[in-house]
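Here are the chains, one letter per residue:
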Amino acid sequence: VSRYLTDFEPIQCLGRGGFGLVFEVRNRLDDCHYAVKRIQLPNSEEAREKVMREVKALAKLDNPHIVRYFHAWIECPPPVQRNVPKTPNYTRSDAKMFLFIQMQLCRKESLREWLRAHVSHRDSYQTIQMFNEIVRAVEYVHLQGLIHRDLKPSNIFFAPDGAIKIGDFGLVTAMAEEASYSPMSPEGNVICGGGFSPFQRTHTDQVGTQLYMSPEQIEGQPYNHKVDIYSLGLILVELLWPLSTQMEQVTVISQLRKLKFPQGFIEKYPEEAVLLNKMLSRNPDERPTTYGIRASTPLRIYQDSTVEIPEYLHF
Ligand code: ATP
Ligand code: MG
Ligand code: MG
């Protein structure tokens, strides 16, 4: 018996990724609506472990700006009768296994759709405030010793009340255990296991864009939590600088990756440009931590005045 079908009434499909399918469902018992992500478990034990990382990370995280996790379970749905010839060496162990993750239902439109829908009349006070919420969430992730590794507008959601919620922890990884990472140290730099396994490569190539990924992560170099800071830099530009077409978006971001700002940007946002030059630095050590971002001139006014970020923690 499928727990998914007995406990939930499917409402609609919200989206799909390389391995995942996300549904809006209604829980028959509590009558609330949730998002349920269904991921097909790969056959290899190693790849399976990586999929399980998403659920293990999400379950541990408890922050107002991270998609709330409720429950997870594994199901092996009964085989569907189809007129497809069986592969010669089909065995029972090939039966498909699915991981279900029940989480908070967010708006169907992610930050990606929001950016497309708000090209004109964008309020820079509101967008910097949104960015501040994203930074706070990433700071929380880093403080848990985790790296998100896939920050981009399509993985940033909105709760029904409009609050920012970071989601899609499908590429999350732990910072190297042996290394002494401390977000409280001025640089907070730590080297983590580099490169992609073939499974992860498939995962990102099939679905996601690498447009927001740091150079070192794309190149398979060793990297640390500063990969998230790089992605945050590109997200900040997109928040401040409306881009009306996908073509324009790809062009502008590709230029930013070479530290070339759109025409007029530096004049309009001189202080943001100073911060962005550091966030988008090729050298991860030159990128600020989330503390550094929050202490920077453009974000300073959004910080709780009772919390004083000491000078030595800024970068
Ligand atoms: P990808 O790797 O391509 O980013 P994915 O398979 O890892 O995708 P998610 O990014 O988590 O999956 O979700 C895919 C889509 O499902 C999202 O773009 C969004 O439209 C929808 N979605 C995911 N989680 C939620 C949620 N909690 N509430 C509402 N919609 C969601
Ligand atoms: Mg995603
Ligand atoms: Mg994903």
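The rules we used
Residues numbered from 1 in each chain as written. Chains lettered and ligands numbered in written order. Predicted model: local features only at pLDDT ≥ 70, side-chain atom pairs only at ≥ 80, totals over all residues. Heavy atoms only, no water. Donors = N, O, S within 2.8 Å, 3.2 Å for Na, K, Ca; no water. Helix = DSSP H or I, 4+ residues; strand = E, 2+ residues; numbered from the N terminus. Core = buried A, V, L, I, M, F, W, Y, C linked by side-chain atoms within 4.5 Å. Buried < 20%, exposed > 50% of the residue type's maximum accessible area, 1.4 Å probe, protein only. Contact = heavy atoms within 4.5 Å. Phe/Tyr/Trp six-rings, centres within 6.5 Å; stacked < 30°, edge-to-face > 60°. Lys NZ or Arg CZ within 6 Å of the ring centre and 35° of its normal. Near = heavy atom within 4 Å. Polar contact = N/O pair within 3.5 Å; in protein donor to acceptor, adjacent residues only side chain to side chain. Areas by Shrake-Rupley, 256 points an atom, 1.4 Å probe, with all protein chains shown as cover. Nonpolar A, V, L, I, M, F, W, Y, C, P; charged D, E, K, R; others polar.

Caption draft 1: Broad picture of the coordination of the magnesium ion (ligand 3). Protein coordination of the magnesium ion (ligand 3) is provided by Asp-168 (OD) and Asp-168 (OD), with donor distances spanning 2.3 to 2.4 Å. Among the secondary structure elements, Asp-168 is positioned in the loop between strand 8 (164-166) and strand 9 (173-174).

Caption draft 2: Geometry of the nonpolar core. The biggest cluster of nonpolar side chains holds 64 residues, and the ones touching the most others in it are Leu-111, Phe-131, Ile-134, Leu-232, Leu-239, Phe-265 and Ile-293. In contact with Leu-232, not counting residues within four places along its chain, are Phe-131, Ile-134, Val-135, Val-138, Leu-151, Met-279 and Ile-293. One finds Val-36, Trp-73, Phe-98 and Phe-100 within the second-largest nonpolar core, a separate group that totals 10 residues.

Caption draft 3: Examining the packing of aromatic side chains more closely. Within this structure, the stated rule accounts for 10 aromatic pairs. Residues Trp-73 and Phe-100 carry aromatic rings whose centres are separated by 5.3 Å and whose planes lie at 5 degrees to one another, so their mutual orientation is stacked. With a gap of 27 residues between them, Trp-73 in strand 4 (residues 69-75) and Phe-100 in strand 5 (residues 98-104) connect regions that are remote in the sequence. Here the two residues Trp-73 and Phe-100 agree in accessibility, since each one is buried. Each ring, one from Trp-241 and one from Phe-265, has its centre 5.3 Å from the other, and the planes form 65 degrees; the classification is edge-to-face. One end of the pair, Trp-241, is in the loop between helix 7 (226-240) and helix 8 (246-256); the other, Phe-265, is in helix 9 (residues 265-268), with 24 residues separating them in the sequence. Relative accessible area serves as the criterion here: at 0%, Phe-265 is assigned to the buried category. If you follow Arg-3 out to its NZ or CZ, it ends over the ring of Trp-73, 4.7 Å from the centre. Between the NZ or CZ atom of Arg-38 and the centre of the ring of Phe-98, over which it lies, the distance is 4.3 Å.

Caption draft 4: Highlighting the coordination of the magnesium ion (ligand 2). Taken together, the protein ligands of the magnesium ion (ligand 2) are Asn-155 (OD1) and Asp-168 (OD), with distances of 2.1 Å. For Asn-155, a relative accessible area of 5% corresponds to the buried category. A relative accessible area of 23% places Asp-168 in the partly exposed class.

Caption draft 5: Inspection of the site of ligand 1 at higher detail. Within the structure, ligand 1 sits among 19 residues, and Gly-17, Lys-37, Gln-104, Cys-106 and Asp-168 are positioned closest to it. At a separation of 3.3 Å, an oxygen atom of ligand 1 approaches a polar backbone atom of Leu-14. Interatomic distance of 2.8 Å between a backbone N/O atom of Cys-106 and a nitrogen atom of ligand 1. Here ligand 1 has 610 Å² of accessible area as a free molecule, and 89% of this is covered by the chains. The set of elements that each furnish at least two residues to the shell around ligand 1 consists of strand 1 (8-16), strand 2 (20-27), strand 3 (33-40) and strand 5. Tallied by class, the residues present in the shell around ligand 1 amount to nine nonpolar, seven polar and three charged.

Taken by themselves, the reported measurements are silent on function.
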